[in-house]
Amino acid sequence: MGLSSDRVVVVTGASRGAGKGIALALGATGAKVYVTGRTKSEGDSPLPGTVFATAEEITRRGGVGMPVVVDHGDDAQVRALFEQVRAENGRLDILVNNALVVPDALTMKGPFWDKPLSLLDLFDVGMRSSYVSTYYAAPLLVANGAGLVVNTSSFGGACYMHGPAYGAGKAAVDKMAHDMAVDFRPFGVAVVSIWMGLLKTERTLAAFAANPGAYEGLAATAESPEFTGRVIDALARDPEMMQRSGRVLIGAEIGAELGVRDIDDRQPPSHRPFLGNPPDFADAVVD
């Protein structure tokens, strides 16, 4: 059964970037969307965007934007977030795990041992925070008898992308989605990981502007940050949602299958041919 209306949604890491786009797209369906992030005011981050600005835009688009300042490296703050959701709604329909630390050195060239150990921060806010958020969201999702958890991920889980720290983090949230799906299945809650393409985020657009020649081909295929949110909306409405649970999905491919187009009415291409295939996990369950 799809989750078609009157949704309560949490999108983590939504001050800007993919999280903001996903939150806006889901808010445009009329959902009540809790958006989390650390940025309270413009200037707190070198990139534009705050949780309050995202929430205000959700409300302008016909949803209900609920800003909650959360450091996803602090488990107590994450627990308080879901206690707030419970107190104000008594339920949760969709959780999008998107919060991720992006270290400045992520795109440095060279072998991993020449890069700072601070790259491991993305294990904490990224891999670990996805587990913690889902842990605290689980009782709300289970009580519904239906729900959807999405881990945002990338082709870095299958190919060399920015080095082993980034790749391990993405592979981890992919496997986490598969394993969590086993535990959630009796309760009608689906869990998927979605590989996004190159996104036109604030960070990426700044890189395009700084070095347009280097990104000329890629820029033409880039997805808007809202595209993944549209895909998640379509997945939640899909009567076959549970049949997709436990899988790693390529956003462009599932979008094409479900008739989802980007905000410019373009169909983003899948990068499977040169970045690789999603993992095919075994059906075995060992308790």
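Shown above is the structure to which this text applies.
Keep in mind it's a predicted model, so treat the numbers as computed, not measured. (Residues numbered from 1 in each chain as written. Predicted model: local features only at pLDDT ≥ 70, side-chain atom pairs only at ≥ 80, totals over all residues. Heavy atoms only, no water.)

Asks: Sorry, what's going on with the overall build of the chain here?
Replies: When helices and strands are counted, the chain shows 10 helices and seven strands. Relative to a compact globule of 287 residues, whose C-alpha radius of gyration would be 19 Å, the chain shows 18 Å and is just as compact. A principal-axis box enclosing the C-alpha atoms of the chain has dimensions of 50 × 45 × 40 Å. Counting every position in the chain, which comprises 287 residues, the buried fraction comes to 49%. Here the contacts in the chain between residues at least 6 apart in sequence split such that 71% fall between residues at least 24 apart. Counting only carbon and sulfur atoms, one obtains 55% of the accessible surface of the chain, whose full area is about 12900 Å². (Helix = DSSP H or I, 4+ residues; strand = E, 2+ residues; numbered from the N terminus. Rg over C-alpha atoms; globule rule 2.2 N^0.38 Å. Buried < 20%, exposed > 50% of the residue type's maximum accessible area, 1.4 Å probe, protein only. Contact = heavy atoms within 4.5 Å. Areas by Shrake-Rupley, 256 points an atom, 1.4 Å probe, with all protein chains shown as cover.)

Asks: Looking at this structure, how should I read the environment of Phe-187?
Replies: Mapping Phe-187 onto the fold places it in the loop between helix H5 (164-184) and strand E6 (189-196). Note on Phe-187: relative accessible area 39%, which makes it partly exposed. With 43 residues separating them along the chain, Phe-187 and Asn-144 place their C-alpha atoms 8.2 Å apart. Apart from the residues lying within four places of it in its own chain, the contact partners of Phe-187 are Val-142, Gly-145 and Ala-146.

Asks: I keep staring at the pairing of E6 and nothing clicks. Help me out?
Replies: The side chains of a regular strand alternate, first on one face of the sheet and then on the other. When you tally the buried positions in E6, you get eight out of eight residues, the bulk of the element. The side-chain alternation of E6 yields two buried faces, one formed by Val-189, Val-191, Ser-193 and Trp-195 and the other by Ala-190, Val-192, Ile-194 and Met-196. For strand E5 (residues 147-154) and E6, the ladder comprises eight bridges, and the chain directions are parallel. Within E6, the position partnered with Asn-151 by the bridge is Ser-193. Handedness of the E5-H5-E6 crossover: right-handed. (Pairing = 2+ DSSP bridges. Right-handed = clockwise from strand over helix to strand, strands pointing away.)

Asks: What am I meant to see in the pattern of salt bridges here?
Replies: Side chains bearing opposite charge may pair, as long as their charged atoms lie close to each other. Enumeration according to the criterion identifies 15 salt bridges in this entry. Between Glu-257 and Arg-244 there is a salt bridge; the shortest N-O distance is 3.0 Å. Of the two residues, Glu-257 sits in helix H9 (residues 251-257) while Arg-244 sits in the loop between helix H8 (225-237) and strand E7 (248-250), which places them 13 residues apart along the sequence. For Arg-244, a relative accessible area of 8% puts it in the buried group. Arg-266 is paired through a salt bridge with Asp-264; the nearest N and O atoms lie 3.4 Å apart. Here Asp-264 falls in the partly exposed class, since its relative accessible area comes to 42%. Each of Glu-57, Arg-60, Arg-61 and Glu-226 takes part in one network of salt bridges that share partners. (Salt bridge = Lys/Arg side-chain N within 4 Å of Asp/Glu carboxyl O.)

Asks: Before we go on, may I ask you to explain the sheet that holds strand E1 (residues 8-11) in this structure?
Replies: Pairing between sheet strands relies on hydrogen bonds along the backbone, with the strands arranged either parallel or antiparallel. One open sheet accounts for seven strands, arranged E3-E2-E1-E4-E5-E6-E7; its pairing is parallel. The sheet is open, and its two borders are formed by strand E3 (64-69) and E7, each paired with just one other strand. Adjacent strand axes in the sheet meet at a mean angle of 20 degrees when their direction is disregarded. Sheet topology places E1 next to strand E2 (residues 32-37); four bridges connect them, and they run parallel. Of the residues in E2, the one forming a bridge with Val-11 is Val-35. On the sheet, helix H2 (residues 51-60) packs against E2 and E3 and is oriented at approximately 170 degrees with respect to E3. (Axes fitted to C-alpha atoms, helices over the stretch in contact; angles between N-to-C directions.)

Asks: Just checking my understanding: could you explain unusual backbone geometry for this structure?
Replies: A negative phi holds for most residues other than glycine; trans holds for most peptide bonds. Even without being glycine, His-162 reaches a positive phi, approximately 65 degrees. Turning to its location among the elements, His-162 is positioned in the loop between E5 and H5. For His-162, a relative accessible area of 31% gives the class partly exposed. With a phi angle near 65 degrees, Asp-265 is a residue other than glycine that sits in the positive phi range. Relative to the helices and strands, Asp-265 resides in the loop between H9 and helix H10 (272-275).

Asks: Looking at this structure, how should I read H2?
Replies: What H2 keeps buried is the set Val-51, Thr-54, Ala-55 and Ile-58. All buried residues of H2 lie within an arc of 95 degrees about the axis, which places them on one face of the element. Residues of H2 that are buried sit in contact with helix H1 (17-27), E2 and E3. Of the residues flanking the start of H2, the one acting as N-cap is Thr-50, its side-chain oxygen 3.3 Å from the backbone nitrogen of Phe-52. One or two positions beyond H2, positive phi appears at Gly-62, with a value near 105 degrees. (Arc of directions from axis to C-beta. Polar contact = N/O pair within 3.5 Å; in protein donor to acceptor, adjacent residues only side chain to side chain.)

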